Amino acid sequence: MSSVVQPCARCGARWAVQGAPMHWCPRCRGVLLSPGKVDAPPTQRNYRWVARRPDHRTRKAAGTTQAPLDPTPRYTQTPRWGLLDPPAMPAPAPQRPLRGLAAHRDRLLVWTALAFLLAACAEYGRYLILLQNRTRLIPSWLLWFSDATVWIFGLLAPICALVTAVSLVAWLIEARKAVFAAHGRRDPRRRWSLIAGCLVPGVNLVWPGVFLTELIGAKPEPRKLKAVRIWWAAWAFSGLLLIAATLWRDAGTLQAEADGVSFSGFTNLCAAGFAVLTLWTVRTLEGRDLRGQVRSAHRWVMAADPAEVVIAPVEPGAIPEPIDEVERANSGRMEQNSQEEVGAK
């Protein structure tokens, strides 16, 4: 047998060299190392494991000086870095201007309600000052403060209402587009017709209700249909109140002007309530309640079968006999048994 062998780098088998050295292991097809003696000590073997860096071919010559190595890094805790394979994030959908404006709808409605509520407080404060001024003089600082609050909130509330109306129109356009797309159709109304029907004074008392009725479909839910009808009636009533308040401000007498101040406060309160009603309506159309919680569906089913008794009725047990009667009966039985024994004997 040959004393020269070739070890396999994969399975560790040793193959005797018979003539020319082999390159592949006959057992596992692994790489065979160069031939060497079987009993050669490790220091005299003609092969050894060498670890090289991946970039050893591009490194400089061995004669060049190397920079001193940095100290071994230490970690006070488990490192969080490593080879991560995060899932691919979907590409963000393009944000359209109308959708971004409609996203602030609820917040704008709340701000509008607060602005009209403060405007109503300013108007009623002015009315109380007028009542007090009938019998005594009013300080100048109080008049200045009343004028400032009336003017500030009198301008802020309509501006908030206008911005909120634009946001609601944007929501209406996006909601109609989504509803008709769910049925495989396109919105038959043009965008400009929706904007004009909701924002042009006069015609906007009629068309918003029509657009909302088309939004809920031909067979709407009773709750959504009721919400749309209530909102439509309140919207028409608020328009009439606005016209009446505008005409009342042109009154000539002092009493009519004072009544106009009180009526303006009333219209502001109605506007604040209408903003809250609008918030409730749009959230009802989305299947939510006024607080924004998803409304759970309840279905009442009529019970056609008779009621089935699950638990058996409780029946009263036998009344126990008194202790004296039990003892008397036992003694009677014992005497009878003793007499029968005597007769048997």
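For the structure itself, look to the data block above.
Attention in this report is confined to the structure presented alongside it. (Residues numbered from 1 in each chain as written. Predicted model: local features only at pLDDT ≥ 70, side-chain atom pairs only at ≥ 80, totals over all residues. Heavy atoms only, no water.)

## Digging into the overall build of the protein
So, step 1. When helices and strands are tallied, the protein shows 8 helices and 3 strands.
So, step 2. In sequence order, the protein lays out its α and β elements as β-β-β-α-α-α-α-α-α-α-α.
So, step 3. By the burial criterion, 24% of the 345 residues in the protein qualify as buried.
So, step 4. Put simply, 55% of the contacts in the protein that link residues at least 6 apart link residues at least 24 apart.
So, step 5. Element-wise, carbon and sulfur atoms account for 62% of the exposed surface of the protein, whose accessible area totals about 27100 Å². (Helix = DSSP H or I, 4+ residues; strand = E, 2+ residues; numbered from the N terminus. Buried < 20%, exposed > 50% of the residue type's maximum accessible area, 1.4 Å probe, protein only. Contact = heavy atoms within 4.5 Å. Areas by Shrake-Rupley, 256 points an atom, 1.4 Å probe, with all protein chains shown as cover.)

## Details of the packing of helix α3 (residues 140-182) against helix α5 (residues 207-215)
So, step 1. Relative orientation of the contacting elements α3 and α5 amounts to 30 degrees, with a least axis distance of 10 Å. By the angle class used here, α3 and α5 are roughly parallel. Our pair here, α3 against α5, has a crossing hand that is left-handed. Residue-level inspection shows Trp171, Leu172, Ala175, Arg176, Val179 and Phe180 of α3 in contact with α5, the latter providing Phe211, Leu212, Glu214 and Leu215.
So, step 2. Residue composition of the contact of α3 with α5, grouped by class: 8 nonpolar, no polar and 2 charged. (Axes fitted to C-alpha atoms, helices over the stretch in contact; angles between N-to-C directions. Parallel < 35°, antiparallel > 145°, perpendicular 65-115°, else oblique. Left-handed = near helix turned anticlockwise from the far one by under 90°. Nonpolar A, V, L, I, M, F, W, Y, C, P; charged D, E, K, R; others polar.)

## Some words on α3
So, step 1. The first and last C-alpha atoms of α3 sit 62 Å apart over 43 residues, in line with the 63 Å expected at 1.5 Å per residue.
So, step 2. Positive backbone phi, at 75 degrees, marks Gly184, one or two positions downstream of α3. (Expected span 1.5 Å × (residues − 1).)

## Regarding the sheet that holds strand β2 (residues 14-16)
So, step 1. Strand order in the open sheet formed by 3 strands is β2-β1-β3, and the pairing between neighbours is antiparallel. Here the strands that pair on one side only, and so sit at the sheet edges, are β2 and β3 (36-37).
So, step 2. Of the pairings in the sheet, the one linking strand β1 (residues 4-7) to β2 comprises 3 bridges and is antiparallel in character. Bridge pairing in β2 links Pro7 to Arg14. (Pairing = 2+ DSSP bridges.)

## Overview of the pattern of salt bridges
So, step 1. Here the structure, examined in full by the defined rule, presents 10 salt bridges.
So, step 2. Of the charged contacts, one joins Asp106 and Arg283 as a salt bridge, the two residues approaching to 3.3 Å between their closest N and O atoms. On the criterion of sequence distance, the pair formed by Asp106 in helix α2 (residues 105-132) and Arg283 in helix α7 (residues 254-285) is long-range, its members being 177 residues apart. Judged on exposure class, the residue Asp106 and its partner Arg283 are both buried. (Salt bridge = Lys/Arg side-chain N within 4 Å of Asp/Glu carboxyl O.)

## Some remarks on the state of the cysteines
So, step 1. Applying the stated rule across the entire model yields 0 disulfides.
So, step 2. Counting only cysteine sulfurs, Cys8 is the nearest neighbor of Cys25, a cysteine outside any disulfide, at a range of 3.7 Å.
So, step 3. Cys25 gets classed as buried once you look at its relative accessible area, which sits at 0%. (Disulfide = S-S within 2.5 Å.)

## As for the nonpolar core
So, step 1. Within the largest apolar cluster, 22 residues are counted, with the highest numbers of intra-cluster contacts made by Trp171, Leu172, Leu212, Leu215 and Leu285.
So, step 2. Those residues in contact with Leu215, other than ones at most four positions away along the chain, are Trp171, Leu172, Ala175, Arg176, Val179 and Leu285. (Core = buried A, V, L, I, M, F, W, Y, C linked by side-chain atoms within 4.5 Å.)

## Things to note about the environment of Leu279
So, step 1. With respect to the helices, strands and loops of the structure, Leu279 is situated in helix α7.
So, step 2. Residue classification places Leu279 among the buried residues on the basis of a relative accessible area of 8%.
So, step 3. Ignoring sequence-local partners within four residues, the contact set of Leu279 consists of Asp106, Leu109, Val110 and Leu290.

## Some remarks on the packing of helix α6 (residues 222-248) against α7
So, step 1. Across the interface, α6 lies against α7 with an axial gap of 9 Å and an inter-helix angle of 160 degrees. With respect to α7, the axis of α6 lies roughly antiparallel. Read as a crossing pair, α6 and α7 show a hand that is left-handed.
So, step 2. Grouping the amino acids of the contact of α6 with α7 by side-chain chemistry returns 18 nonpolar, 5 polar and 3 charged.

## As for the packing of aromatic side chains
So, step 1. Taken as a whole and assessed by the stated rule, the structure comprises 5 aromatic pairs.
So, step 2. Residues Trp207 and Phe211 carry aromatic rings whose centres are separated by 5.7 Å and whose planes lie at 25 degrees to one another, so their mutual orientation is stacked. One end of the pair is Trp207 and the other is Phe211, both in helix α5 and 4 residues apart, which spans about a single turn.
So, step 3. The exposure class of Trp207 is partly exposed, given its relative accessible area of 35%.
So, step 4. Three or more aromatic residues link up through ring pairs in this structure, and these residues are Trp231, Trp235 and Phe274. (Phe/Tyr/Trp six-rings, centres within 6.5 Å; stacked < 30°, edge-to-face > 60°.)

## So, unusual backbone geometry
So, step 1. Of note in this structure, Arg29 is not a glycine but carries a positive phi near 60 degrees.
So, step 2. As for its placement among the helices and strands, Arg29 is situated in the loop between β2 and β3.

These values are about where atoms sit, not about what they do.
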